Amino acid sequence: MNQPFYRAFEDRYRGSRDTIKQRLRAYAPFLAALRGDAAAPRALDLGCGRGEWLELLGEEGFAARGIDLDEGMLAACHERGLDVELKDALAALREAPTASLSLVSSFHLVEHLPFDLVRELIAEALRALQPGGLLIMETPNPENLTVGATSFYMDPTHLHPLPPSLLSFAAEHAGFERVKVVRLQEDPRLHTDAQLGLINVLEGVSPDYAVVAQKASEPAALAASSAAFDRDFGIGLGTLAQRYEEQGAARHAEIHHVLGRLSNESGQAGKALGELRQRLDAHDHRSGVIEQRANEQEQRAHALEQRIAAAEQRADVYAQQVIALMSSSSWRITAPWRYVGGVVHRLNAARRERRILRAVKNRARRTLHRTGGYVLGNRRLKAIALYVLRFMPGLRTRLFNLMLSHDAAPAQPLLVEGGSGLSPRASRVLRELQALQARKQDAHRH
């Protein structure tokens, strides 16, 4: 057998019994003021449903009775031994004696009734309540935009949502002493400083609210429930929207602050970048100057290399000319004249330096030394000379001393190197030039 529709509907969408009972404990501050030292206060719950509220009232010491027209709902109450009756809620309220009840309640009932019946229910509750008694009417809160636009119409028997200000005014107009709007079942995190998003504004407002109205009574009796009536419950749309705007303004201010700081840092970075660019430009300029100087030095080096190459070419030409000259017959033929010229040059130098007499003596000594050496090297001349000097002993002694003297260095021959007329030093220079020229020619050939 299928479960009755509305009982199955509540089981799926309203929540478990434990969840509903935990939510209903929000009314505990109001119930405490109704419990006295006398007999258990009487309560009538209109549209009792599965009986969670009746069960809670029993735990709080109330003598509670429930009324509902759905047999499936009442079956859940009978399973728990609750005092319920299948009856029209408004009719049951009309039957209640005047000033016989401490509490009249209706949870999610008034949105099923035409508004005129809602006003009649409020008036009958005022009549049936004792002085200081309470009327509690809970209903979906259309301030929650998602509830008002979507979830309210999940129940096809709902007629229209009732704004809190309308239902509370109806209670005031009926004659209740004081009225309190109690917003319920919002996310507890919304009571913290957590950041709100747009979805919180759309869905975060308390999804249910109740109008709690109290009948006039002696001031002492009303004072017992003043704390509950002075307390704030839940979150309204205006409060949540204001918090959202304040947080948004704070975020915008923080963003502007960050942007300002970034702009300042960007300006500093731009300044630093400009300075860096100036340094790079100066470095580029210095690099250009250095490069220009390097090019100039390279050009000078290239010019110097050209000059050295030209000098080497000229040296080669001069060397060839010297070799050709010193290898020529005219050079050998003119050797005596060059020798005589050298002697004349040295004589002139000695005359200028007043070394003539000493030079003549030295020259005569070297000449006599060479002549003596020549005579001594020729047997025939040597024999003739020794025979003649026998008759001139003094001259003989002087000539012998002259030949044995170390001061008289042997004279350089007029013609050396096979009669070329070159001195040993000049001959060595000539050989070196000829060898150098030969190596260069070999290098060119290879």
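Residues numbered from 1 in each chain as written. Predicted model: local features only at pLDDT ≥ 70, side-chain atom pairs only at ≥ 80, totals over all residues. Heavy atoms only, no water.

1. Examining the overall build of the protein chain
- Helices and strands together make up the secondary structure of the protein chain, namely 19 helices and seven strands.
- Looking at the protein chain as a whole, 32% of its 446 residues are labelled buried.
- Relative to all contacts within the protein chain whose residues are 6 or more apart in sequence, the contacts with residues 24 or more apart total 73%. (Helix = DSSP H or I, 4+ residues; strand = E, 2+ residues; numbered from the N terminus. Buried < 20%, exposed > 50% of the residue type's maximum accessible area, 1.4 Å probe, protein only. Contact = heavy atoms within 4.5 Å.)

2. Describing the packing of aromatic side chains
- Tallied over the entire structure, the rule returns seven aromatic pairs.
- For the ring pair tyrosine 387 and phenylalanine 391, a centre distance of 5.5 Å and an interplane angle of 80 degrees mean the geometry is edge-to-face.
- A network of ring pairs unites the aromatic residues Tyr27, Trp53 and Phe107 as a single cluster.
- Over the face of the ring belonging to phenylalanine 229 we find arginine 178, whose NZ or CZ atom lies 4.5 Å from the ring centre. (Phe/Tyr/Trp six-rings, centres within 6.5 Å; stacked < 30°, edge-to-face > 60°. Lys NZ or Arg CZ within 6 Å of the ring centre and 35° of its normal.)

3. Structural notes on the pairing of strand β1 (residues 42–46)
- Extensive coverage of β1 is indicated by the burial of four of its five residues.
- Across five bridges, β1 lies against strand β2 (residues 63–68) in parallel orientation. Across the sheet, the residue bridging to aspartate 45 is glycine 66, located in β2.
- For the segment spanning β1, helix α4 (residues 52–59) and β2, crossover handedness is right-handed. (Pairing = 2+ DSSP bridges. Right-handed = clockwise from strand over helix to strand, strands pointing away.)

4. Some points on the packing of helix α7 (residues 115–128) against helix α9 (residues 164–174)
- Remark: α7 packs on α9, axes separated minimally by 9 Å, with the N-to-C direction vectors making an angle of 45 degrees. One finds that α7 runs oblique with respect to α9. When you trace α7 past α9, the crossing you get is right-handed. Touching Phe115, Val118, Arg119, Ile122 and Leu126 of α7 are Leu166, Leu167, Ala170, Ala171, His173 and Ala174, all from α9.
- Within the contact of α7 with α9, the residues separate by chemical class into nine nonpolar, one polar and one charged. (Axes fitted to C-alpha atoms, helices over the stretch in contact; angles between N-to-C directions. Parallel < 35°, antiparallel > 145°, perpendicular 65-115°, else oblique. Left-handed = near helix turned anticlockwise from the far one by under 90°. Nonpolar A, V, L, I, M, F, W, Y, C, P; charged D, E, K, R; others polar.)

5. Quick notes on helix α2 (residues 17–24)
- Among the residues of α2, those classed as buried are Arg17, Ile20, Lys21 and Leu24. All buried residues of α2 lie within an arc of 100 degrees about the axis, which places them on one face of the element. Facing away from the buried side of α2, by more than 90 degrees, are the exposed residues Asp18 and Gln22.
- For α2, the elements touching its buried residues are α4, β4 (101–107) and β5 (129–140). (Arc of directions from axis to C-beta.)

6. A closer look at the pattern of salt bridges
- One pass over the full model with this rule turns up 14 salt bridges.
- Residue lysine 21 is joined to glutamate 55 by a salt bridge in which the shortest nitrogen-to-oxygen separation is 3.8 Å. Taken together, the positions of lysine 21 in helix α2 and glutamate 55 in helix α4 put the pair 34 residues apart, joining distant regions of the chain.
- Residue lysine 21 is classed as buried on the basis of its relative accessible area of 11%.
- Classification of glutamate 55 by relative accessible area gives partly exposed; the value is 23%.
- Across the pair glutamate 59 and lysine 21 runs a salt bridge, and its minimum N-O distance is 2.7 Å. Here lysine 21 lies in helix α2 and glutamate 59 lies in helix α4, a separation of 38 residues in the sequence.
- Taken together, the salt bridges that share partners define one network made up of Arg17, Lys21, Arg25, Glu55 and Glu59. (Salt bridge = Lys/Arg side-chain N within 4 Å of Asp/Glu carboxyl O.)

7. Notes on unusual backbone geometry
- Not every positive phi belongs to a glycine, and alanine 99 is a case in point at roughly 55 degrees.
- Turning to its location among the elements, alanine 99 is positioned in the loop between α6 (89–95) and β4.
- One non-glycine residue, glutamine 185, lies in positive phi territory at about 65 degrees.
- Take glutamine 185: it is sitting in the loop between β6 (178–184) and α10 (198–203).

8. Quick look at the nonpolar core
- Counting residues in each nonpolar core, the largest one holds 30 residues, and the members touching the most others are Leu135 and Leu167.
- Elements represented by at least two residues in this core include exactly β1, α6, β4, α7, β5, α9 and β7 (208–214).
- Broken down by element, this core gets its largest block of residues, six residues, from α7.
- Leaving out residues up to four positions away in the same chain, leucine 135 has contacts with Val104, Ile122, Ala125, Leu129, Phe176, Val211, Val212 and Ala213. (Core = buried A, V, L, I, M, F, W, Y, C linked by side-chain atoms within 4.5 Å.)

9. Description of the pairing of β4
- Counting buried residues in β4 gives seven out of seven residues, a clear majority hidden from the surface.
- Bridge count between β1 and β4: four bridges; the pairing is parallel. Counted as the bridge partner of alanine 43 is leucine 103 from β4.
- Of the strand pairs in this sheet, β4 and β5 are connected by six bridges, and their pairing is parallel. Counterpart to serine 105 in the pairing with β5 is isoleucine 136.
- For the segment spanning β4, α7 and β5, crossover handedness is right-handed.

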